[in-house]
Amino acid sequence: MAVEIRAADVFEDVKAIVGPRRADATVCWCLSYRLPSKDNVALRGTERGDMVQRLCRQDPPPGVLAYDGDEVVGWAAVHPRADTSFATSRKIPHVDDADVWSVWCIRVRPGHRGKGISQQLLAGAVEFARGHGAPVIEGYPVDNHGAKVDLTMAYVGTRRLFERAGFSKAADTDSVLNGFPRVLMRLDLG
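Keep in mind the model is a prediction, meaning the values are calculated, not measured.

**Side note on the packing of aromatic side chains**
Each aromatic ring pair is described using two quantities: the centre-to-centre distance and the angle formed by the ring planes.
Next up, step 1: If you walk through the whole model with that rule in mind, you get six aromatic pairs.
Next up, step 2: Here Phe11 and Trp29 contribute two aromatic rings whose centre-to-centre distance is 5.8 Å and whose plane-to-plane angle is 15 degrees, an arrangement assigned as stacked. Placement of Phe11 in helix 1 (residues 11-18) and of Trp29 in the loop between helix 1 and helix 2 (37-42) is noted, with a sequence separation of 18 residues between them. Take Phe11 and Trp29: they sit in the same class, and that class is buried.
Next up, step 3: Ring centres of Trp101 and Phe128 lie 6.1 Å apart, and the angle between their planes is 75 degrees; on these two criteria the pair is classed as edge-to-face. One end of the pair, Trp101, is in strand 4 (residues 101-108); the other, Phe128, is in helix 4 (residues 117-131), and 27 residues separate them in sequence. The same class applies to Trp101 and to Phe128, which are both buried.

**A short note on unusual backbone geometry**
Next up, step 1: With an omega dihedral of 5 degrees, the bond running from Asp59 to Pro60 counts as a cis peptide bond.
Next up, step 2: Within the secondary structure, Pro60 sits in the loop between helix 3 (46-57) and strand 2 (63-68).
Next up, step 3: Here Cys30, not a glycine, exhibits a phi torsion of approximately 60 degrees, which is positive.
Next up, step 4: If you trace the backbone, Cys30 turns up in the loop between helix 1 and helix 2.
Next up, step 5: Residue classification places Cys30 among the buried residues on the basis of a relative accessible area of 8%.
Next up, step 6: Phi angles above zero are rare outside glycine, and Asn178 is one such case at about 60 degrees.
Next up, step 7: The topology assignment puts Asn178 in the loop between strand 6 (168-177) and strand 7 (180-188).
Next up, step 8: Taking relative accessible area as the criterion, Asn178 reaches 35% and is therefore assigned partly exposed.

Conventions and cut-offs
- Residues numbered from 1 in each chain as written.
- Predicted model: local features only at pLDDT ≥ 70, side-chain atom pairs only at ≥ 80, totals over all residues.
- Heavy atoms only, no water.
- Phe/Tyr/Trp six-rings, centres within 6.5 Å; stacked < 30°, edge-to-face > 60°.
- Helix = DSSP H or I, 4+ residues; strand = E, 2+ residues; numbered from the N terminus.
- Buried < 20%, exposed > 50% of the residue type's maximum accessible area, 1.4 Å probe, protein only.

So, to be careful, I would describe these as geometric facts and stop short of saying anything about function.
Okay, structure coming up:
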């Protein structure tokens, strides 16, 4: 399936992928890694959507979206690591002092999964970071060795997904998700 990857600067489209059914629900909105923990926890109800709307107006916006025609079908969060909670994470190491970008969430809408959209979103996140001058991009997927990952935890991607996109394992982490260790995968964009 050929999809078009675009910058996530249209709030309504971001909301369609990561927003809750109820506007006042206190759910992720893909902010748990984007904001410092204290700021993330302080946001309640509609404040979370308001924050995402502000992020969509920033340059760069908070990620990329996949479109099948006019329909938004997927999302990837990608941003400079320095502006995310990965900047101060005790579980995800820093390999060096490069101005790394991080990709930490890849999500495809039900009904569109199993069509290669995750791979296209990751490629789009790489190009988005490259287009904004990133020298390196990292991801922190699970190393599941082909075992099934619970759908609610699959948002971080798998090591295999990142390897197919040209990333290489750069480090182990102290993070575990769904019983699987997470690894630090990197791609040099220089």
